[in-house]
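Below, each chain spelled out in residue letters.
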Amino acid sequence: MVYFFQLVVSGIVVGSIYALSALGFVLIYKSSKVLNIAHGQIIASGAFITYALTVFAGVHIVLSFVLSMVITFFLAMSVERIFLRRLIGEPIISVIMVTIGLMSIIDGIIYLTPFGAENFSFPEFLPRTPISFWGLSMSWTQMVGVIITFTMIGAFTWFFKKSTIGISMRAVSDDQFASMSIGISVPKVFGLAWATAGLSAAAAGGIIGNITGLNFDVLHSFGIIVFPVVIVGGLDSIYGAIVAGIIMGLIQQFASGYLDGKWGLFGTADVLPYIILLIILLFKPHGLFGIHEIERV
């Protein structure tokens, strides 16, 4: 029974990181109906910026974490301004193809640096002794990561529901032309959506890097891993990203702990989330919390 609950704890830790990683997809899609294929590369960039500030610049890791989010905020805003703003009003597939191009460009740039080929790890700044309760254990890094994740998710949820800018972003997502008619600047909303997605990606990268270490292939693969999370939860739902992230984290941990660990199977933790994705989409094509829009004819 202790083993079961240990897997639950591990699933919640992994799932919360998935949720934060998926948040960037949701923020951009919620305001512009665009999937950012380069999101995994932005996650990796945020993690490496945090590492560079900590190790090379000698900045305390907590301050480095905050600064990396600020830097990535403006970096993502610049990407939108330079590459994507001219595509407002163009077919969505054109914008998606640009994000695929950005993915390749960022990959190439990082592979030219030592970060693309070597493994790194953050300096230890938390106690090594794990937190133990009722026979279960969790590292301090995991605990801090979960706290930061849910704090940021709560802040973004409030931002979209209560703030004027968040409501403007939701309005642009529903109807760009109607939003422009009431004075909302669609280009500014798009820029802010990309910037906030970059901020959340940097936070996710820093947390993932502290837990798993800094490996470029692992970090940018999160951009693909969280696709089932985003689609199952609903592309435009923050709550959906949270719930689907936890569900997928639990599924992976149970598959790894029981199917792979006890039954002798191999790789089910990687395959099972996609099987669950297909099953859910058969009954809920827009995801668990996605909005089904009905257009008048």
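Look a little higher up for the structure.
All of the points below concern the structure found in this document.

What counts, and at which threshold
Residues numbered from 1 in each chain as written. Predicted model: local features only at pLDDT ≥ 70, side-chain atom pairs only at ≥ 80, totals over all residues. Heavy atoms only, no water. Helix = DSSP H or I, 4+ residues; strand = E, 2+ residues; numbered from the N terminus. Rg over C-alpha atoms; globule rule 2.2 N^0.38 Å. Buried < 20%, exposed > 50% of the residue type's maximum accessible area, 1.4 Å probe, protein only. Contact = heavy atoms within 4.5 Å. Core = buried A, V, L, I, M, F, W, Y, C linked by side-chain atoms within 4.5 Å. Phe/Tyr/Trp six-rings, centres within 6.5 Å; stacked < 30°, edge-to-face > 60°. Expected span 1.5 Å × (residues − 1). Patch = residues over 30% accessible without salt bridge, like charges linked within 9 Å, V, L, I, M, F, W, Y side chains within 5 Å. Areas by Shrake-Rupley, 256 points an atom, 1.4 Å probe, with all protein chains shown as cover. Salt bridge = Lys/Arg side-chain N within 4 Å of Asp/Glu carboxyl O. Polar contact = N/O pair within 3.5 Å; in protein donor to acceptor, adjacent residues only side chain to side chain. Axes fitted to C-alpha atoms, helices over the stretch in contact; angles between N-to-C directions. Parallel < 35°, antiparallel > 145°, perpendicular 65-115°, else oblique. Nonpolar A, V, L, I, M, F, W, Y, C, P; charged D, E, K, R; others polar.

### Quick word on the overall build of the protein chain
Then, number 1: Across its full length, the protein chain carries 12 helices and two strands.
Then, number 2: Its helices and strands in sequence order give the protein chain the pattern α-α-α-α-β-β-α-α-α-α-α-α-α-α, from N to C terminus.
Then, number 3: Scaling as 2.2 N^0.38, a compact globule of 297 residues should have a C-alpha radius of gyration of about 19 Å, and the protein chain matches this with 19 Å.
Then, number 4: Its C-alpha atoms give the protein chain principal-axis dimensions of about 60 × 50 × 35 Å.
Then, number 5: Put simply, the protein chain has 297 residues, and 48% of those count as buried.
Then, number 6: In the protein chain, of all internal contacts separated by at least 6 residues, the share reaching a separation of at least 24 is 74%.

### Section: the nonpolar core
Then, number 1: Within the largest apolar cluster, 78 residues are counted, with the highest numbers of intra-cluster contacts made by Leu20, Leu23, Phe48, Met169, Leu214, Leu219 and Ile238.
Then, number 2: No other element matches the 14 residues that helix α8 (residues 186-212) contributes to this core.

### A few points about the packing of aromatic side chains
Given two aromatic rings, one states the distance between the centres and the angle between the planes to describe the pair.
Then, number 1: A complete count under the given rule lists 14 aromatic pairs for this structure.
Then, number 2: Between Phe4 and Phe5 the ring centres are 5.3 Å apart and the planes differ by 80 degrees, which places this aromatic pair in the edge-to-face class.
Then, number 3: Assessed through its relative accessible area of 32%, Phe4 is described here as partly exposed.
Then, number 4: Ring geometry for Tyr51 and Phe120: centres 5.2 Å apart, planes at 55 degrees, overall tilted. Of this pair, Tyr51 sits in helix α2 (residues 39-55) while Phe120 sits in the loop between α4 (92-111) and β1 (131-133), and the two are 69 residues apart along the sequence.
Then, number 5: The class of Phe120 is buried, set by a relative accessible area of 15%.
Then, number 6: Taken together through their ring pairs, the aromatic side chains of Phe48, Tyr51, Phe56, Tyr111, Phe115, Phe120, Phe122 and Phe216 make up a single cluster.

### Topic: the environment of Ala204
Then, number 1: Tracing the chain through its elements places Ala204 in helix α8.
Then, number 2: In the structure, Ala204 is positioned 161 residues away from Ile43 in sequence and 6.4 Å away in space, judged by C-alpha atoms.
Then, number 3: Sequence-distant contacts of Ala204, defined by excluding residues within four places in its chain, comprise Leu20, Ser21 and Ile43.

### Regarding α8
Along an α-helix, residues three or four apart share an orientation, since each turn contains 3.6 residues.
Then, number 1: The end-to-end C-alpha distance of α8, which contains 27 residues, comes to 38 Å, matching closely the 39 Å that a straight helix rising 1.5 Å per residue would cover.
Then, number 2: Within α8, 21 of the 27 residues are buried, which leaves the element mostly enclosed by the surrounding structure.
Then, number 3: One or two residues past the end of α8 sits Gly213, with phi positive at roughly 95 degrees.

### Let's talk about a nonpolar patch on the surface
Then, number 1: Residues Leu63, Val66, Leu67, Val70, Ile71 and Phe74 make up a contiguous nonpolar surface patch of about 480 Å² in total accessible area.
Then, number 2: Its location among the elements puts Phe74 in helix α3 (residues 61-84).
Then, number 3: Residue Phe74 is classed as partly exposed on the basis of its relative accessible area of 48%.

### With respect to the side chain of Asn36
Then, number 1: Looking at the secondary structure, you find Asn36 in the loop between α1 (2-32) and α2.
Then, number 2: By relative accessible area, which is 2% here, Asn36 ends up buried.
Then, number 3: In terms of polar contacts, Asn36 uses its side chain to reach the backbone amide nitrogen of Ala38, at 3.1 Å.

### A short note on the packing of helix α5 (residues 140-162) against helix α11 (residues 238-260)
Then, number 1: Taken N-terminus to C-terminus, the directions of α5 and α11 make an angle of 155 degrees; their axes are 10 Å apart at the nearest point. Looking at the two axes, α5 sits roughly antiparallel to α11. Contact residues: α5 offers Phe150, Ile153, Phe156, Thr157, Phe160 and Lys161, while α11 offers Ile238, Tyr239, Ile242 and Ile246.
Then, number 2: Of the residues that constitute the contact of α5 with α11, the class distribution is eight nonpolar, one polar and one charged.

### Quick word on α3
Then, number 1: Its 24 residues place the ends of α3 32 Å apart at the C-alpha level, agreeing with the 34 Å of an ideal helix rising 1.5 Å per residue.
Then, number 2: Residues of α3 that are buried: Ile61, Ser64, Phe65, Ser68, Met69, Thr72, Phe73, Ala76, Val79, Glu80 and Leu84.
Then, number 3: Packed against the buried residues of α3 are α2, α4, α5 and α8.

### Digging into the side chain of Thr149
Then, number 1: Along the chain, Thr149 falls in helix α5.
Then, number 2: On the basis of relative accessibility, which here comes to 0%, the residue Thr149 falls in the buried class.
Then, number 3: Contacts of Thr149, omitting those with residues within four sequence positions, involve Ser16, Leu20 and Ile207.

### A look at the packing of α5 against α8
Then, number 1: At a minimum axis separation of 9 Å, α5 and α8 run at an interaxial angle of 170 degrees. In terms of orientation, α5 lies roughly antiparallel with respect to α8. Residue-level inspection shows Thr141, Gln142, Gly145, Ile148, Thr149, Met152, Phe156 and Phe159 of α5 in contact with α8, the latter providing Leu192, Thr196, Leu199, Ser200, Ala203, Ile207, Asn210 and Ile211.
Then, number 2: When grouped by side-chain class, the residues that make up the contact of α5 with α8 number nine nonpolar, seven polar and no charged.

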